[in-house]
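Here are the chains, one letter per residue:
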Amino acid sequence: MRLIRKSTLKKSAKKSTKKSALITAATALALTGLLAGTGSAQAAGSGPGGAMNIRGTDPGDTDLMIERLCSQETSLTGVYGAYNVQTGEFKTHDEYLRDVAPLWVPAGPWEVFRGWCGYAQASTWSTKGESVRVSPWIGNRGSKDDKETFVSSYSTKTFAKKSVGASISLSIAKSIFSGTAGGSFSYEWGWEKTSSFERRSEKTIPPCTQVAVTWTPYQRVVRVNPIFQVEDYSWDQGNGNKATVSTWRGRDAGWKTIYSYGYYIDGTSDKLLPNGQPDGREDKWEQKLDPKTCA
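Conventions used here
Residues numbered from 1 in each chain as written. Predicted model: local features only at pLDDT ≥ 70, side-chain atom pairs only at ≥ 80, totals over all residues. Heavy atoms only, no water. Salt bridge = Lys/Arg side-chain N within 4 Å of Asp/Glu carboxyl O. Helix = DSSP H or I, 4+ residues; strand = E, 2+ residues; numbered from the N terminus. Buried < 20%, exposed > 50% of the residue type's maximum accessible area, 1.4 Å probe, protein only. Polar contact = N/O pair within 3.5 Å; in protein donor to acceptor, adjacent residues only side chain to side chain. Disulfide = S-S within 2.5 Å. Contact = heavy atoms within 4.5 Å. Pairing = 2+ DSSP bridges. Phe/Tyr/Trp six-rings, centres within 6.5 Å; stacked < 30°, edge-to-face > 60°.

**Student:** Just to check I follow, could you spell out the pattern of salt bridges for this structure?
**Tutor:** Oppositely charged side chains can form a pair if their charged atoms are brought close together. For the structure on display, the rule yields 15 salt bridges. Note that glutamate 89 is salt-bridged to lysine 91, the shortest N-O span being 3.3 Å. A salt bridge links arginine 249 to glutamate 111, with the nearest nitrogen and oxygen atoms 3.8 Å apart. Residue arginine 249 is found in the loop between strand E11 (241-245) and strand E12 (257-259), and its partner glutamate 111 is found in strand E4 (residues 110-128); the two are separated by 138 residues along the sequence. Looking at glutamate 111, the relative accessible area reads 10%, which means it is buried.

**Student:** Would you explain the environment of aspartate 61 in this entry?
**Tutor:** Mapped onto the secondary structure, aspartate 61 falls in the loop between strand E1 (52-53) and helix H2 (62-70). For the pair aspartate 61 and glutamate 89, spaced 28 residues apart in the sequence, the C-alpha separation amounts to 7.9 Å. Polar contacts involving the side chain of aspartate 61 include one to the main-chain amide nitrogen of leucine 64, which spans 3.1 Å.

**Student:** Mind showing me how you'd approach the state of the cysteines here?
**Tutor:** Covalently bonding the sulfur atom of one cysteine to the sulfur atom of another cysteine gives a disulfide. Applying the stated criterion across every chain yields a total of 2 disulfides. The partner cysteine of cysteine 70 in its disulfide is cysteine 117, sulfur to sulfur 2.0 Å. Between cysteine 70 and cysteine 117, the disulfide has an S-S torsion of -80° and is therefore left-handed. Highlighted residues: cysteine 70 in helix H2 and cysteine 117 in strand E4, separated in sequence by 47 residues. Cysteine 117 carries the same exposure label as cysteine 70, and that label is buried. Through a disulfide, cysteine 208 is tied to cysteine 294; the S-S separation comes to 2.1 Å. Every disulfide takes its handedness from the sign of the S-S torsion; for cysteine 208 and cysteine 294 that torsion is 85°, giving right-handed. Of this pair, cysteine 208 sits in the loop between strand E9 (196-205) and strand E10 (209-238) while cysteine 294 sits in the segment after strand E14 (280-288); the two residues are 86 residues apart in sequence, bridging distant segments of the chain. Taken as a pair, cysteine 208 and cysteine 294 share a single burial class, namely buried. Once the disulfide-bonded cysteines of the protein chain are ranked by sequence position, their pairing pattern turns out to be 1-2, 3-4.

**Student:** Can you walk me through H2 in this structure?
**Tutor:** Residues separated by three or four positions in an α-helix point in the same direction, a consequence of the helix having 3.6 residues per turn. With 7 of 9 residues buried, H2 is to be regarded as a mostly interior element. Three or more residues of H2 are buried, namely Thr62, Asp63, Met65, Ile66, Glu67, Leu69 and Cys70. Packing partners of the buried residues in H2 comprise strand E2 (79-84), strand E3 (90-92), E4, strand E8 (158-162), E10 and E12. With a side-chain oxygen lying 3.3 Å from the backbone nitrogen of aspartate 63, the N-terminal cap of H2 falls on aspartate 61.

**Student:** Hey, could you run me through unusual backbone geometry in this one?
**Tutor:** For residues other than glycine, phi is negative in most cases, and the peptide bonds are mostly trans. Phi at cysteine 208 takes a positive value of approximately 50°, unusual for a residue other than glycine. Residue arginine 249 is not a glycine yet carries a positive backbone phi of 55°.

**Student:** Can you walk me through the pairing of E4 in this structure?
**Tutor:** Every other side chain in a regular strand lies on the same face of the sheet, so the side chains alternate between the two faces. Judged by how many residues are buried, E4 sits mostly within the fold: 14 of 19 residues are covered. Here E2 pairs with E4 via 6 bridges, running antiparallel. Its bridge partner being in E4, asparagine 84 is matched across the sheet by tryptophan 110. As judged from the 16 bridges shared by E4 and E10, these two strands associate in the antiparallel manner. From the neighbouring strand, glycine 115 faces E10, where its bridge partner is valine 230.

**Student:** What exactly am I supposed to notice about the packing of aromatic side chains here?
**Tutor:** When we look at a pair of aromatic rings, we describe it by the centre distance and by the angle of the planes. Under the criterion given, the structure shown has 14 aromatic pairs. Judged by centre distance (6.0 Å) and plane angle (65°), the rings of tyrosine 96 and tryptophan 110 are edge-to-face. With tyrosine 96 in helix H3 (residues 93-99) and tryptophan 110 in strand E4, this residue pair connects regions lying 14 residues apart in the sequence. Considering the side-chain rings of phenylalanine 113 and phenylalanine 228, the 5.6 Å spacing of their centres and the 70° angle between planes classify their relative orientation as edge-to-face. Here phenylalanine 113 is found in strand E4, whereas its partner phenylalanine 228 is found in strand E10, with 115 residues between them in sequence. Comparing phenylalanine 113 with phenylalanine 228, the two get one shared label, buried. Clustering of aromatic rings is evident, with ring pairs tying together Tyr83, Phe90, Phe113, Phe228, Tyr233, Trp235 and Trp248.

Here it is, written out as structure tokens:
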């Protein structure tokens, strides 16, 4: 089964060529449930999507290696990487051909591999977002309570962050967390649509006070571990010979799919109510005014 990472392509001409391959692979993954794992990520053993954790098992910064490997543009034959098993250094396909060997073959301690990246759910939780002001300030500089009508508005927010590497674009994040890049999520959040509201409410303003309306959104966070499924892995046996297998570094069948525990992507989006409106809490925010400016 192939794992496909939906990437932002550099040339528009490539988009139509690869789109069908991405959709086909993502559909197959949804049917098998390979990327729909639940529960907390494990530090060792079988992890999200049945992947094996290479962090602490193999040399080098494996978090950054998986990040760089899966940040490459996906071709119709997968993504490629080269790994120095002595130093832990990683090189992309182009870097290897430029810096190590002119052909895609293992050389000395450098082992080369090809496969498919995907996104396996590690854990999920609910949280409260930061409170934001959603109405103008209205002040009362008199000596008695006043009542005013407040107009408040809010639109759902969506964002994502990576534990290592460069920032992730919102378009790629949406392809991961909406499921089009192979993930499978069914939470009441707003990755696939934006929701907003505008409300009017009457509120009492105490003397020498200004008041505004705030909104605290309720949010869902989903953490995924990028995983890599090995298609082929080769190393140099000497005398011009090479060995090629279909597991990570020739280990047993449990090492068909790998991940690095410290590399994850957190997707956060405001939750939605059954009626499609943003879920959260509205509050009144009061601030005292300078008494010298009040009656």
